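Overview (structure and organization)
These are the residues of each chain, in order.
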Amino acid sequence: MLRTFQTHDIREVIELSGSGWTFTPLMGEHAGETYPVVVPCCWESLPEFSAYRGTGKFEREFTAEGTVRLVFKGVSHTGTVYVDGEQIGTHYNAFTPFDFIVKNLTPGTHTLTVEADNRFSEASALHIPNDYMTYGGVTRGVAVELIEDAYLEWIHVIPKKEGDQWNAKVRISVANIAEQEFRGTLTCNIETVASFAEEIRIPAGENAVIERTVRAQQVCEWTPMEPKLYQVTALLAIQSESVSQEDDQVIIDDLKDRFGFREITIVGKDILLNGKKLRIKGFCRHEDHPMYGCALPLAAMQQDLQIMKDLGANAVRTSHYPNDELFLDLCDEQGVLVWEENHARGLTEEHMRNPHFEEQAERCIAEMITAHINHPSIIIWGILNECASETEYGKSCYEKQYALIKQMDTSRPRSSASCKFFTDICLGYPEIVSYNLYPEWYVDKSSAEWIKENYDWVQEHTEGAGKPFLITEIGAGAIYGDRTPTMCKWSEEYQALALEHQLKAVFAQEGCSGVFIWQFCDVRISNEWFSNRPRTMNNKGVVDEYRRRKLSYETVKNIFTSLDTYVQ
Ligand code: ADA
């Protein structure tokens, strides 16, 4: 399953997720041994490979012919794809989707091989030993699609309200991979509100983006409480060649997606959703699970969302990388707000000077926005969590990445979670200023004091003054089951008390639009990174890795459920 809904009725899609795959490590003591696996799969889920860093191949057969599009929603860290032993292409970064076209497949059964590599190296500027685990495998969904030589790549729909009138800017990308010009008709329909058709001609081997702004009638807005989704359908047709059907069109491809009529605007220090001031009550969430690694099945994603909603949360931050689109579909359907960010955590200036960094980080942004722009749940694009935003070189990178987001999508505010206290020089670029603060954990100051100190510095000394202020991380560690009346750090009691102080201080801070607690659940960290983390885990979850509640669960629930999503 790649999405929670069907994206094609006409294009034949063969889902390759599921059973029928084998995994073969290509290095180490088990090299060459073959294991039956279900994809999506992290090889760390196999006991023999729980700490394996190396390469491994995933293989299965599929039946198709002609021109196919191989779709991968995520391969970690790097995926190299072969069909019948011939290399088709390679993709770096576990957290963004990619696809390859294969032409002239002979009728019958073919072998798909995906070689995954989860090693760290100079070639990898984003996947580095870190305070989260990066796994190895085909970690998200896979499909093969049978296409013609002209096909629909993507549909983007950007809703905009002008007065009481909702409009939608529709952009549709059509690819012509034939050796002759494509002539045909593109039709677009937004269910119940608008449709249009256009004759198109695309030169051989080129893409075309058709753009049209349509007025929408009788719109039902997308809100956290009533997350109304609209289906948009594009059809690609050519003139029928048979004499008897001379005026008939033959539909050769289709593509469906979903979006919502909602608008995010900034007014002074407020973040507005459809004109109403938001209070963000969220969690930072890693894609991590003791059974599945980062390859959580849909039910596990649904369970995480269910728990967050039970806690009274209305938002989730995809720390620190683009998430599986299945999860974003659930957020769209359930009205959960999302801060989605490109893949980066804690990169120093030295890391950012890696010759591959800028290209890899900017490509991650481009792939993230191209794939996820329609999700109404995504209200903020984030970049570069706790990277070198206090340095001139870092600033040049932040500037380019913020500019790239703006070039691709002007409908959402931008931000970056900073930990550069009193030294950040990049607060002039984003629409929202965000900080990760850990009073009563890393910083031995009261929550109110530490939050105010950072807020005041931003207002008095930076270009971030007057902008919305978000706390993108706050929390404390607790080992599940560590219970003691002494209130010492790492006990569940201490975490509950710290979070109570922190959240009360956040919501009392003037100019602050809300919070993402660090973090939803305990997660594995990479063995190479932080040997002094208890259990080689990041233990700041409000639930542990098995989603068992800690004492702080009730503390957070009491505070979050007492507060509305909209500020009156
Ligand atoms: C940072 C970082 C998080 C996590 C957190 C912690 O704020 O952004 O990824 O490492 O610290 O637990 O210390």
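Thresholds applied
Residues numbered from 1 in each chain as written. Predicted model: local features only at pLDDT ≥ 70, side-chain atom pairs only at ≥ 80, totals over all residues. Heavy atoms only, no water. Phe/Tyr/Trp six-rings, centres within 6.5 Å; stacked < 30°, edge-to-face > 60°. Helix = DSSP H or I, 4+ residues; strand = E, 2+ residues; numbered from the N terminus. Buried < 20%, exposed > 50% of the residue type's maximum accessible area, 1.4 Å probe, protein only. Lys NZ or Arg CZ within 6 Å of the ring centre and 35° of its normal. Domains from an automatic or database assignment. Contact = heavy atoms within 4.5 Å. Buried area = accessible area lost by both parts, 1.4 Å probe. Salt bridge = Lys/Arg side-chain N within 4 Å of Asp/Glu carboxyl O. Near = heavy atom within 4 Å. Polar contact = N/O pair within 3.5 Å; in protein donor to acceptor, adjacent residues only side chain to side chain. Areas by Shrake-Rupley, 256 points an atom, 1.4 Å probe, with all protein chains shown as cover. Nonpolar A, V, L, I, M, F, W, Y, C, P; charged D, E, K, R; others polar. Core = buried A, V, L, I, M, F, W, Y, C linked by side-chain atoms within 4.5 Å. Pairing = 2+ DSSP bridges. Axes fitted to C-alpha atoms, helices over the stretch in contact; angles between N-to-C directions. Disulfide = S-S within 2.5 Å. Parallel < 35°, antiparallel > 145°, perpendicular 65-115°, else oblique. Left-handed = near helix turned anticlockwise from the far one by under 90°.

Across all of its chains, the model carries 31 aromatic pairs by this definition. With a centroid separation of 5.6 Å and 65 degrees between ring planes, the pair formed by Trp166 and Phe261 is classed as edge-to-face. One end of the pair, Trp166, is in strand β14 (residues 165-176); the other, Phe261, is in the loop between β19 (249-259) and β20 (264-267), and 95 residues separate them in sequence. Residue classification places Trp166 among the buried positions, given a relative accessible area of 5%. Exposure remark for Phe261: the relative accessible area of 0% places this residue in the buried category. The structure contains a cluster of three or more aromatic residues connected by ring pairs, namely Phe421, Phe422, Tyr435, Trp450, Tyr455, Trp457 and Phe469. Across from the ring centre of Tyr393, 4.0 Å away, lies the NZ or CZ of Arg353, which sits over that ring.

On to the domain arrangement of the chain, then. Structurally, the chain comprises domain 1 (12-146), domain 2 (150-259) and domain 3 (273-475 + 511-521 + 552-561). On a C-alpha basis, the centroid separation for the pair domain 1 and domain 3 is 29 Å. Of the residues lining the interface, 25 residues belong to domain 1; the matching set on domain 3 comes to 27 residues. Taken over both partners, the interface formed by domain 1 and domain 3 buries close to 2,300 Å², and the fraction arising from carbon and sulfur atoms is 56%. Along the contact surface separating domain 1 from domain 3 lie two salt bridges. Of the charged contacts in the structure, one is a salt bridge between Glu325 and Lys73, with a shortest N-O distance of 2.7 Å.

Another point: the site of the ligand. Of all residues adjacent to the ligand, which total 13 residues, the nearest are Asp131, His320, Glu386, Tyr442 and Glu473. Within the side chain of Glu386, an N or O atom sits 2.6 Å from an oxygen atom of the ligand. Lys540 has a polar side-chain atom sitting 2.6 Å from an oxygen atom of the ligand. Protein chains bury 96% of the 320 Å² of accessible surface belonging to the ligand in isolation. For the shell around the ligand, the residue count by class is three nonpolar, four polar and six charged.

What follows deals with the nonpolar core. Phe283, Met352, Phe357, Ile471 and Val556 are the most contacted members of the largest nonpolar core, which has 74 residues in total. If one sorts the elements of this core by residue count, helix α5 (residues 392-408) sits on top with six residues. The residue makeup of this core includes at least three contributed by each of domain 1 (12-146) and domain 3 (273-475 + 511-521 + 552-561).

Read from one edge of the open sheet, four strands run β1-β12-β6-β9, paired in antiparallel fashion. Since the sheet does not close on itself, it has two edges, and those belong to β1 (12-15) and β9 (98-105), each with one partner. Strand-to-strand twist in this sheet, taken as the mean axis angle between neighbours without regard to direction, amounts to 20 degrees.

Turning our attention to the state of the cysteines. Under the defined criterion, the tally for this structure stands at zero disulfides. Considering cysteine sulfurs only, Cys42 is the nearest to Cys41, which forms no disulfide, with 6.5 Å between them.

Turning next to the side chain of Asn176. Summarising the element assignment, Asn176 is placed in strand β14. A residue is classified by how much of its surface remains accessible, and Asn176, at 2% relative accessible area, is buried. One polar contact links the side chain of Asn176 to the main-chain carbonyl oxygen of Ile202, over a distance of 2.9 Å. Discounting chain neighbours no more than four positions away, the residues touching Asn176 are Asp149, Ala150, Glu181, Phe182, Ile202, Pro203, Ala204, Gly205 and Glu206.

A word on the packing of helix α7 (residues 492-508) against helix α8 (residues 552-561). Between α7 and α8, whose axes approach to 8 Å, the crossing angle comes to 20 degrees. Taken together, the axis directions place α7 and α8 in an arrangement best described as roughly parallel. As α7 packs across α8, the resulting crossing turns out to be right-handed. The segment α7 lies against α8, with Gln495, Ala496, Leu499, Glu500, Leu503, Lys504 and Phe507 engaging Ser552, Thr555, Val556, Ile559 and Phe560. Here the residues of the contact of α7 with α8 are counted per class, giving seven nonpolar, three polar and two charged.

Let us look at the sheet that holds strand β17 (residues 207-216). Spatially, three strands are ordered β13-β14-β17 in an open sheet, and the strand pairing comes out antiparallel. Of all strands in the sheet, those bounded by a partner on one side alone are β13 (150-162) and β17. If you compare each strand with its neighbour and ignore which way they point, the axes differ by 15 degrees on average.

What follows is about unusual backbone geometry. Going from Val39 to Pro40, the amide bond is cis rather than trans, its omega being 10 degrees. Residue position: Pro40 is located in the loop between β3 (35-39) and β4 (41-42). Cis geometry is adopted by the peptide bond preceding His77, which originates at Ser76 and carries an omega value of -10 degrees. Among the secondary structure elements, His77 is positioned in the loop between β6 (66-72) and β7 (78-83). Even without being glycine, Glu440 reaches a positive phi, approximately 65 degrees. With respect to the secondary-structure elements, Glu440 resides in the loop between β29 (433-436) and α6 (447-461). We note that Trp490 has phi near 80 degrees; this positive angle belongs to a residue other than glycine. Here Trp490 shows up in the loop between β30 (469-473) and α7.

Let us now look at helix α2 (residues 325-334). Among the ten residues that make up α2, eight are buried, leaving the element largely enclosed by the rest of the structure. Taken together, the buried positions of α2 are occupied by Glu325, Leu326, Phe327, Leu328, Asp329, Leu330, Cys331 and Asp332. Residues of α2 that are buried make contact with β19, α1 (298-310), β24 (315-317), β25 (337-341), α4 (357-372) and β26 (378-382). Of the residues that open α2, the one with a side-chain oxygen 2.9 Å from the backbone nitrogen of Leu326 is Asp324. One or two steps after α2, the chain reaches Gly335, where phi turns positive at roughly 70 degrees.

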